[in-house]
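Working through the structure, step by step
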Amino acid sequence: MLSLTLATVAASLIGATSAQDTLLPGVIATGTMGVTNPPQPTMGTEVNQNSLVRLASVNSVDDWCLFAPPEPGVTIGESEHEVVAWCTQARNGARVIPDGVVTGVSFIKTDFYVQLMAYGDFTQLNIIDGDYGGELDPHGPSGDGNPVGGNVTSNAVNGVDVNYEEWMSFISWQQVCIRICTNANATWDAALMCEHELDVMGCEFVMPGNYQFNGTFESCEAEVAYPPGVYITAINGDTTEYSTFRQYYTGVYTAGSDIVSYTVGTTVTPLTAQMTPSSSNCQTMPTISNGVGLTVEDSSASGSAGTGTGSTTRTSTRTGTGAGSTGSAGASTSDDSGAASRVSYMEGVTLVALISGIAAIALLH
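So, a few notes on the structure that sits alongside this text. (Residues numbered from 1 in each chain as written. Predicted model: local features only at pLDDT ≥ 70, side-chain atom pairs only at ≥ 80, totals over all residues. Heavy atoms only, no water.)

As for the layout of surface pockets
- Looking at the second largest pocket, its volume works out to about 320 Å³.
- Lining the second largest pocket are 18 residues, with Thr32, Pro138, Asp144, Gly150 and Asn151 sitting closest to its centre.
- Its residues assigned to classes, the lining of the second largest pocket shows six nonpolar, ten polar and two charged. (1 Å grid on protein atoms, 1.4 Å probe; cavity = no way out; pocket = protein on both sides within 12 Å on 5 of 7 lines; lining within 4 Å. Points joined across faces, edges and corners; volume = space filled by probe spheres on them. Nonpolar A, V, L, I, M, F, W, Y, C, P; charged D, E, K, R; others polar.)

So, the packing of aromatic side chains
- Scanning the model with the defined rule gives six aromatic pairs in all.
- Considering the side-chain rings of Tyr119 and Phe213, the 4.9 Å spacing of their centres and the 40° angle between planes classify their relative orientation as tilted. Note that Tyr119 is positioned in strand S6 (residues 113-120) and Phe213 in the loop between helix H4 (203-206) and strand S12 (217-222), a separation of 94 residues in sequence.
- Judged by relative accessible area, which is 2%, Tyr119 ranks as buried.
- Here Phe213 falls in the buried class, since its relative accessible area comes to 1%.
- Ring geometry for Tyr211 versus Phe213: centroids 6.4 Å apart, planes at 40°, classification tilted.
- A relative accessible area of 2% places Tyr211 in the buried class.
- Taken together, the aromatic side chains of Tyr119, Tyr211 and Phe213 make up a single cluster linked through ring pairs.
- Here Arg179 stacks its cationic end above the ring of Tyr113, 3.8 Å away from the centre of that ring. (Phe/Tyr/Trp six-rings, centres within 6.5 Å; stacked < 30°, edge-to-face > 60°. Helix = DSSP H or I, 4+ residues; strand = E, 2+ residues; numbered from the N terminus. Buried < 20%, exposed > 50% of the residue type's maximum accessible area, 1.4 Å probe, protein only. Lys NZ or Arg CZ within 6 Å of the ring centre and 35° of its normal.)

Written as structure tokens, this is what we have:
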């Protein structure tokens, strides 16, 4: 009964507001594009694998970008301020993700955000093998974003490219997830739906969904998840009470000439998100392709990139799970199978290792 009640509350508080012509402040970005970026997202630009563009577009299962280091040999934590855009299509003047790097994609669209989850060999994009990575967002210690001057757009809502204010992304050497918050209401604003301070919690906690898709390229509709770290504590008639988990940190940072110690967050870490939303109306395609190889000899195109063709539609629905679950993605009722194993940012990694190099600025994120 509790899971049914949570679903009812979620529908009443989240799902009712979706009109893009009545967006609240904080949804659409009000600033300008970063100095490395073109004035607007553009498809069919020249392939430039040395580009420093930091404009990422997330539009569909085969048209999206991620941020990764411009050069090899550094971790995400060390390079988060200077990561650049790598895209599945030749767009935005950015670098192009070579064919064969991405092994599975799940693109979901909800009333409040679009979300992209993908698996692949991202060591081909300068990420160190075994780097569990980190979190990127438009804020950062200086307020200019990680990466500095980074912008994120999407045309998934109504076909029009929009530069959105709030987004977040986690990336490691073999997994990436990115959420762009495209809507808000009086209960949940875009900043909360794209909460950016849970740096070490990883994709499945911060952006819950079906992660059993490796080997599949799918596009789905989905329920809206609760904001990251938000939990229902009580439901009393028409009143719902919440608590908010804050990530635990201890450390020091420099303020002028002073070294300041701090302790923030909650000492008890939840095992799962409040709920794993269900997805439905999934369409699949056999692969994604752009004709750009890992080397010049592997490439079949040097200009604008092609796309994978063919798709199938599945009418299955993946069932969401409540906070009492084990933390795995919702079980799929369709016949197609995902990849072998789920990648977790927390697997085999201590908190100290994950925040090494960024603890000094964690309070300011």
